[in-house]
Amino acid sequence: RGLTSCLTLVVTATAILSLGSPAGAQGLADRAVVIATIVGGFGWAVRWNVGHWPSFRESVAFFVYADVAIAMVCFLDSSSLAGLSGAGLLVLLGTYATFLLGPRVLLVHVVWCALTIAVLSVKVALDPEYDLAIAVAKAIMLTVVGVVVPIVIELGVHLIRVDADKSLTDPLTGLSNRRGLASRLMLLAADMRSPNSSAATAHPVATMIVLDLDKFKAINDEFGHNVGDEVLVRVGRSLVRAAGPTAVVTRHGGEEFLVFDLHDDALAALRAARAVRDAVAERIPGPAVTASVGLAMASTSALLRDPRRLSSALTELIDRGDTAMYRAKRSGGHCVAVDGGTARGLASTG
């Protein structure tokens, strides 16, 4: 916010300086328009430092204002070459759009920037003080800076995002990995700290379901690792369907999966554990498979309120679920064990 405010003031300062130059706007009406853009610039600079974080729409509104204001001041310069040179400030907005507003807004900006440069270049070419060569040279330079560079930056940012997404997902199943789970919980914790969040009161029970496929090695030995991989992918899809849209389903390694979610109470968490157990055992084409399920619960507030303890709290919750899961496995598999005790009868009850 501070950086955006400072850059807004810098751009506004260039408009102020142009008023004191014979190359700037000269007519009364033209100077009044420039003064109006200066006032607006100061207003936006203050807004970026006051109040809540601007919404996406408000940020787009600021972006549109700045795009139009810079182009307008450039058009009003009495020197056509000075106006064309001023269009270089549009590159700042291209960078802003790349990092904060996304490719669609950037595309609109690039088109606007190209049109602005083209019109200002024509003014230079038609100006008797200059010639076509200087107009073309300036147009090429500004097109590279204002159009090509933001596109190249956007491509680089896109590649970084893709690489970051890959680092958060399991390449076989497409589910979150352990890092992806931690990232999702960090976002959830940040949302909980917002004044309007009601997650902790609406869903006070945070649950970690740890499940491990029973006798999975036998499937690999009998059918081969390719079939084993297909089973893992199938189980992952079944877990996503059974867990619901708010759950974070994670492949924890090998044939072990995690399902994290927030629930109204312990009974709802237990129903969720039963649901994922039954989803794994669905009779569909391919080798039959069951899972041993461990369920661990914690207070949503205690787990997510302190971001400094989130990593250790997550590890503790997984360890508790893992311990319960091994109790379920020792009980014969295809059952749910709750942290602190085993619910053996759940294998046969709904």
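Scroll up for the structure.
The structure presented is a predicted model; accordingly, all values stated were derived computationally and were not measured.

Parameters and conventions
Residues numbered from 1 in each chain as written. Predicted model: local features only at pLDDT ≥ 70, side-chain atom pairs only at ≥ 80, totals over all residues. Heavy atoms only, no water. Buried < 20%, exposed > 50% of the residue type's maximum accessible area, 1.4 Å probe, protein only. Helix = DSSP H or I, 4+ residues; strand = E, 2+ residues; numbered from the N terminus. Arc of directions from axis to C-beta. Contact = heavy atoms within 4.5 Å. Axes fitted to C-alpha atoms, helices over the stretch in contact; angles between N-to-C directions. Parallel < 35°, antiparallel > 145°, perpendicular 65-115°, else oblique. Left-handed = near helix turned anticlockwise from the far one by under 90°. Nonpolar A, V, L, I, M, F, W, Y, C, P; charged D, E, K, R; others polar. Phe/Tyr/Trp six-rings, centres within 6.5 Å; stacked < 30°, edge-to-face > 60°.

### Considerations on helix α10 (residues 216–223)
Thinking step 1. Among the residues of α10, Phe216, Ile219 and Asn220 are the ones counted as buried. For α10, the angular spread of the buried residues around the axis is 95 degrees, confining them to a single face. The outward face of α10, more than 90 degrees from its buried face, is lined by the exposed residues Lys217, Asp221 and Glu222.
Thinking step 2. Those residues of α10 that are buried lie in contact with β1 (205–213) and α11 (225–243).
Thinking step 3. Of the residues one or two after α10, Gly224 is the one with positive phi, at around 100 degrees.

### Description of the side chain of Arg47
Thinking step 1. Relative to the helices and strands, Arg47 resides in helix α2 (residues 28–47).
Thinking step 2. By relative accessible area, which is 17% here, Arg47 ends up buried.
Thinking step 3. If near-sequence neighbours (up to four positions away) are discounted, Arg47 is found in contact with Arg1, His52, Trp53, Pro54 and Glu58.

### Some remarks on the packing of helix α1 (residues 2–19) against α2
Pairs of packed helices are described in terms of their axes, by the angle between the two and the distance that separates them.
Thinking step 1. At a minimum axis separation of 9 Å, α1 and α2 run at an interaxial angle of 160 degrees. Between α1 and α2, the angle falls in the class roughly antiparallel. Crossing of α1 over α2 shows left-handed handedness. Facing Ser5, Thr8, Leu9, Thr12, Ala15, Ile16, Ser18 and Leu19 of α1, the residues of α2 in contact are Arg31, Val34, Ile35, Ile38, Gly41, Phe42, Trp44 and Ala45.
Thinking step 2. Per-class residue counts for the contact of α1 with α2 are 10 nonpolar, five polar and one charged.

### A few points about the packing of aromatic side chains
Thinking step 1. With the rule as written, the count across this model stands at six aromatic pairs.
Thinking step 2. When the centroid spacing of 6.2 Å and the interplanar angle of 85 degrees are considered together, the rings of Trp48 and Trp53 count as edge-to-face.
Thinking step 3. The exposure class of Trp53 is exposed, given its relative accessible area of 53%.
Thinking step 4. Where Phe63 meets Tyr96, the ring centres are 6.2 Å apart and the plane angle is 15 degrees; that geometry is what we call stacked. Here Tyr96 lies in helix α5 (residues 90–101) and Phe63 lies in helix α3 (residues 56–76), a separation of 33 residues in the sequence. Of the two residues examined, Phe63 and Tyr96, each falls in the buried class.

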